[in-house]
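If you want the building blocks of each chain, they are given just below.
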Amino acid sequence: MQKRTIKYGKLVRDRIPEIIEASGEMARVRVLDEWEVIPALTAKLAEEAEELRQAGPDDRLGELADIREVLAALTETLGFSEEEVREAAHHKRADRGGFSRRLWLDEVTSNE
């Protein structure tokens, strides 16, 4: 029997190694150094956002849950509380609006 190795090089949820090993495969993992965590979480956020973009209607809720989990980890890692993020979002919404009107900016023309 020939061994096959797939390289991932990405942040995964805490239980993924045990899930992999329960299926009979071997996972090689390491704990990130503190300076590696924020870049890894932001890369994971981009990955999850792309997965949401490509998801079909039945998969969107799960992808949103993944994004929420990554955002929670980023919030904690950056030293903010969920309440601080909610408050910042509230202020930004009051100042610049939300996205409920579904506005798409096509272009801006200026008088020079």
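Computed from a prediction, not measured in an experiment: that's the story for all the values here. (Residues numbered from 1 in each chain as written. Predicted model: local features only at pLDDT ≥ 70, side-chain atom pairs only at ≥ 80, totals over all residues. Heavy atoms only, no water.)

Draft legend 1. The arrangement of the packing of helix 2 (residues 34–54) against helix 3 (residues 60–77) in detail. The contact between helix 2 and helix 3 brings their axes to 9 Å, and the two run at 165°. When the axes of helix 2 and helix 3 are compared, the pair comes out roughly antiparallel. Crossing of helix 2 against helix 3: the hand is left-handed. Two secondary-structure elements touch here, helix 2 through V37, I38, L41, T42, K44, L45, E48, A49, E51 and L52 and helix 3 through R60, E63, L64, D66, I67, V70, L71, A73, L74 and T77. Of the residues contributing to the contact of helix 2 with helix 3, the split by class is twelve nonpolar, two polar and six charged. (Axes fitted to C-alpha atoms, helices over the stretch in contact; angles between N-to-C directions. Helix = DSSP H or I, 4+ residues; strand = E, 2+ residues; numbered from the N terminus. Parallel < 35°, antiparallel > 145°, perpendicular 65-115°, else oblique. Left-handed = near helix turned anticlockwise from the far one by under 90°. Contact = heavy atoms within 4.5 Å. Nonpolar A, V, L, I, M, F, W, Y, C, P; charged D, E, K, R; others polar.)

Draft legend 2. Layout of helix 4 (residues 82–96). Its 15 residues place the ends of helix 4 21 Å apart at the C-alpha level, agreeing with the 21 Å of an ideal helix rising 1.5 Å per residue. Residue G97 follows helix 4 closely and has a positive phi angle near 90°. (Expected span 1.5 Å × (residues − 1).)

Draft legend 3. Geometry of the pattern of salt bridges. Scanning all chains against the criterion turns up eight salt bridges. In this structure, the salt-bridge partner of E36 is R30, at a minimum N-O distance of 2.8 Å. The residue K44 makes a salt bridge to E47 at a minimum N-O spacing of 3.3 Å. On the criterion of helical spacing, the pair formed by K44 and E47 is a turn pair, its members being three residues apart in helix 2. Here the salt bridges share partners, and the residues they tie into one network are K10, K44, E47 and E48. (Salt bridge = Lys/Arg side-chain N within 4 Å of Asp/Glu carboxyl O.)

Draft legend 4. Spatial organisation of the confidence of the model for the chain. For the chain, the mean per-residue pLDDT works out to 96, and 100% of the residues sit at or above 70. Put simply, helix 1 (residues 16–22) is where the chain has its lowest mean pLDDT, 96, and helix 3 is where it has its highest, 98. (pLDDT = per-residue confidence, 0-100.)

Draft legend 5. Fine view of the environment of R4. The topology assignment puts R4 in the segment before helix 1. Judged by relative accessible area, which is 65%, R4 ranks as exposed. It is 14 Å that separates the C-alpha atoms of R4 and I20, two residues lying 16 residues apart in sequence. (Buried < 20%, exposed > 50% of the residue type's maximum accessible area, 1.4 Å probe, protein only.)

Draft legend 6. Expanded view of the environment of I6. Relative to the helices and strands, I6 resides in the segment before helix 1. With 85 residues separating them in the primary sequence, I6 and H91 have C-alpha atoms 45 Å apart.

Draft legend 7. Summary view of helix 2. Given a rise of 1.5 Å per residue, 21 residues ought to cover 30 Å, and the 31 Å separating the end C-alpha atoms of helix 2 matches this to within 8%. All of the buried residues in helix 2 are E36, A40, L41, K44 and E48. Looking down the long axis of helix 2, one finds its buried residues gathered within 125° of arc, a one-sided arrangement. The exposed set on the far side of helix 2, more than 90 degrees from its buried face, consists of W35 and R53. (Arc of directions from axis to C-beta.)

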